[in-house]
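What the coordinates show
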Amino acid sequence: MQPKQKPDYGVTRYLGLIVFVAFAFSIILGRLWYIQVINGDTYFRASTENIIRNVETRPPRGKILDAHGTVLAENRPSYDVFVHPHLVSEKDRPEVLTLLTKYLNLNETDLKRVEKGLEARAGEVSVKRDIPRYQVALLEGDRLRLPGLEIQANSHRYYPLEHVGSHVIGFVGEIRSQELKELRSTGYRPGDYIGRVGVESSFEAVLRGSPGIERSVVDARGIPQGEAETKFLIGDYQKVRPVPGRDVKLTLDSRLELIIDEAMKNYPSGAVVAVDPRDGSVLAAYSKPSFNPNSWSGRLSTTEKIQSDNNPYKPMLDKSISAYFPGSIFKLAGALAALEEGMMKPDDTIKCSGSYLFGGRRFRCWKGGGHGKMNVMEALQHSCDVYFYKVAETLGIDKIAEYAYRFGFGEPTGYPVNSESPGRVPTKEWHAKITPGGFQHGFALNTVLGQGDTLTTPLQAALAYAALANGGTIYYPRLIDRILNADGSTLFEFEPRVRKTIKASDEHVAVLKKGLWMTVQEDGGTSYPYRIEEVEVSGKTGTAQVKKIGRIRVANRDKEFRFRDHAWFSAYAPSKEPTIAITVFLEHGGHGSSDATPVAMEILKRWFEGDDPRTRKIGDNVPEIFPSENPGNPGQEEELEEEVADE
């Protein structure tokens, strides 16, 4: 009997090892199959994203042009610096910060911000925007020691006329965090610029365009690789071009804006608005003091910001659409009311003895000795207050308000940019709600003279006088002429739009126009000493008190500046077939006749002569603290306007 053989455990273990290895390899092969075949595209994209950088390219912003194609806002080339934190190791971080500070002159605040961004190791960190070319050269020359560096070729906004027209044109600023949360879904990204005020803001969607994308290959330190590697990994899909923004063409005339800027040189604060009475086109909308949009669009220094914030004349306020006491330019409403309501016929007269007694109180005319007998045309010519006191007492405040609304006062005009004030035309109901003690009948005497609680914007005044010039049609202010395609063709044109028509007989409109003509063209008119030969002008002066007159009259030049009267002049020209209506407002500027009228006449004279300041260098907008005193002709000006009535 043969002895029983012992099991060969070595063979068994060997076979088990083979099975185990085979099983392990099958798992590995299965995983490789899953990775390379089933999810190959996904993992390929994940791996290439580590070396393929996608950079969104901002579209060129559309230009803003004046009525004749002169550029008011355009783009200039610039460079922005970014760092990608995930490409900067902790070891390299100190050197990177040192080099960025050295080459870009970073201040302590910027340095801390960049350092904080690098420590977060997320997204991209904006280091500095709009750097000059020499700084680009410094960075590029030391790129090997600057891992994660990215220099983006970009464009920044440029405004050739600087401060002139800045309130209308506006400026752009970097998008804020809250804005980004709201607008990210529409394509905005950190670092994008967005319109802040003016046309830049109101037509942001038109001017912005659509971004593109550029894809490039970089190594582990973020340094761009050659064209061959880029072509191999990306192929032909390296760039999607951005869609440029549309150009916006305005009705503004830059020549007229510059003429106004020079004509306003002696006055620190005010506004001028000019419109075409034939269609409501805004030819000029000027506010002073203004600001330089080139600074506010990216390079505003701390000093400039402090100066702007502390400027008592409020340079960021658009005075062309802000409301002020209008003074006697508001008398149009009372004159038309007297005629249309049958209270007065054109030749009926009221005697002015220099004051008017009402409710036990004496209301003075600006001319202490009185004007004598005045019909409605003469009352406008001489700006006789007593005539209008009688109208207000007879018709009442609500009837005055009704005719003021017919001229468009007290209502928004429909101006398409910034936030315009609706002004104010007080009524019995308004006083009952707002005024302590409620309505008093004496308030009507203040209202008819454009005083008391009456407020008007220069734009409203210009449109009202334009309506009178064209026979009664009040247009919406047409600021935008058209939207242009990249090739200059018209995408959309903004046609003139009629807002309403003044309800009045042609005869009465003609009477008012005759009164405005006499104001400038006949001896004794408040603007007669300042008439010009170049063009026949019709208009009305206004001097609005900002402080109640006491028993002792104080000359305007002897008052503290903030207590000086506002000076107004509203007019149109030529008197026959007018092509321009203009309102000059000088904040605390003196008298309507001797201050506002000469400014308007200089503007109209140079405008019709064809003077073009664009051929000369634009000077700095440095307002004088006090305007030069122009005594004018005391016998022909509204030296002291109406007294504020209270009972």
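We now turn to the structure provided with this report. Everything quoted here is computed from the prediction, not taken from an experiment.

Here helix H21 (residues 506–521) contains 16 residues, and its C-alpha end-to-end distance of 22 Å stays within 8% of the 22 Å for a straight helix at 1.5 Å per residue. In this fold, the buried residues of H21 make contact with helix H14 (331–340), helix H15 (376–382), helix H20 (458–470), strand E21 (538–544), strand E22 (566–573) and helix H22 (592–609).

Any space left empty among the atoms is revealed by the rolling of a water-sized probe across them. Scanning the entire structure with this criterion turns up 4 cavities of 30 Å³ or more. Counted as a void, the largest cavity has a volume near 250 Å³. Those elements that place two or more of their residues in the lining of the largest cavity are strand E3 (71–83) and strand E5 (149–158). Looking at the lining of the largest cavity element by element, the count peaks at 4 residues for E5. For the lining of the largest cavity, the class distribution of residues is 4 nonpolar, 6 polar and 8 charged. Each pocket or cavity is described by its volume, and for the second largest cavity that value is around 50 Å³. Asp66, Leu72, Leu161, Val164, Gly165, Ile169, Leu252, Asp253, Ser254 and Glu257 are the residues that line the second largest cavity. By residue class, the composition of the lining of the second largest cavity is 5 nonpolar, 2 polar and 3 charged.

Turning our attention to helix H5 (residues 133–141). All buried positions along H5 are accounted for by Gln135, Val136 and Leu139. Within H5, the buried residues cover an arc of 105 degrees as seen down the axis, which keeps them to one side. Exposed residues on H5 whose side chains face more than 90 degrees from its buried face are Arg133, Tyr134, Ala137 and Gly141. On the buried face of H5, the contacting elements are E3, helix H3 (93–104), strand E4 (125–131) and E5.

Applying the stated criterion across every chain yields a total of 13 aromatic pairs. Taking 5.7 Å as the distance between ring centres and 55 degrees as the angle between the ring planes, the aromatic pair formed by Phe363 and Tyr389 counts as tilted. You can see Phe363 sitting in strand E15 (residues 361–364) and its partner Tyr389 sitting in helix H16 (residues 385–395), a full 26 residues away along the chain. Each of the two residues, Phe363 as well as Tyr389, counts as buried. Centroid distance Phe492 to Phe494: 4.9 Å. Interplanar angle 85 degrees. Geometry classified as edge-to-face. Given a relative accessible area of 45%, Phe492 falls into the partly exposed group. On the basis of relative accessible area, Phe494 is assigned to the partly exposed category, the value being 27%. A network of ring pairs unites the aromatic residues Phe171, Phe291 and Trp296 as a single cluster.

In total, this model carries 0 disulfides according to the counting rule given. The thiol of Cys365 is not disulfide-bonded; the next cysteine sulfur, from Cys352, is found 4.0 Å away. A disulfide-free cysteine, Cys384 has its sulfur positioned 3.6 Å from the sulfur of Cys352, the nearest such atom.

So, about unusual backbone geometry. In the segment running from Lys288 into Pro289, the intervening peptide bond is cis, with an omega of -5 degrees. For Pro289, the location among the structural elements is in the loop between strand E12 (282–288) and helix H12 (293–296). Here Ala573 and Pro574 are connected by a cis peptide whose omega angle stands at -15 degrees. The backbone of Glu162 sits at a positive phi, close to 55 degrees, despite the residue not being glycine. Its place among the elements puts Glu162 in the loop between E5 and helix H6 (166–169).

This part is about the nonpolar core. In this structure, Val199, Tyr387, Tyr415, Leu479 and Leu512 are the most contacted members of the largest nonpolar core, which totals 97 residues. The biggest single contributor to this core is H20, with 10 residues. Here Leu512 is in contact with Leu332, Ala335, Leu336, Leu339, Leu380, Phe407 and Leu468, once residues within four sequence places are set aside. Listed in part, the 31 residues of the second largest apolar core include Leu283, Val535, Val537 and Ala571.

For the pair H14 and H16, the least separation of the axes is 10 Å and the interaxial angle reads 60 degrees. The angle between H14 and H16 places the two elements in the oblique class. Remark: the crossing between H14 and H16 carries left-handed chirality. Residues Lys331, Gly334, Ala335, Ala337 and Ala338 of H14 touch H16, and the partners they reach there are Asp385, Phe388, Val391 and Leu395. Looking at the contact of H14 with H16 residue by residue, the classes come out as 6 nonpolar, 1 polar and 2 charged.

With that settled, consider the pattern of salt bridges. Applying the stated criterion across every chain, the model contains 36 salt bridges. Taking the shortest distance from any N to any O, the salt bridge between Asp309 and Lys305 comes out at 2.6 Å. You can see Asp309 and its partner Lys305 sitting in helix H13 (residues 302–310), 4 residues apart, about one turn around the helix. The shortest N-O distance in the salt bridge between Asp385 and Lys331 comes to 2.7 Å. Note that Asp385 is positioned in helix H16 and Lys331 in helix H14, a separation of 54 residues in sequence. Here Asp385 matches Lys331 in class, with each residue buried.

Calculation rules
Residues numbered from 1 in each chain as written. Predicted model: local features only at pLDDT ≥ 70, side-chain atom pairs only at ≥ 80, totals over all residues. Heavy atoms only, no water. Helix = DSSP H or I, 4+ residues; strand = E, 2+ residues; numbered from the N terminus. Expected span 1.5 Å × (residues − 1). Contact = heavy atoms within 4.5 Å. 1 Å grid on protein atoms, 1.4 Å probe; cavity = no way out; pocket = protein on both sides within 12 Å on 5 of 7 lines; lining within 4 Å. Points joined across faces, edges and corners; volume = space filled by probe spheres on them. Nonpolar A, V, L, I, M, F, W, Y, C, P; charged D, E, K, R; others polar. Buried < 20%, exposed > 50% of the residue type's maximum accessible area, 1.4 Å probe, protein only. Arc of directions from axis to C-beta. Phe/Tyr/Trp six-rings, centres within 6.5 Å; stacked < 30°, edge-to-face > 60°. Disulfide = S-S within 2.5 Å. Core = buried A, V, L, I, M, F, W, Y, C linked by side-chain atoms within 4.5 Å. Axes fitted to C-alpha atoms, helices over the stretch in contact; angles between N-to-C directions. Parallel < 35°, antiparallel > 145°, perpendicular 65-115°, else oblique. Left-handed = near helix turned anticlockwise from the far one by under 90°. Salt bridge = Lys/Arg side-chain N within 4 Å of Asp/Glu carboxyl O.

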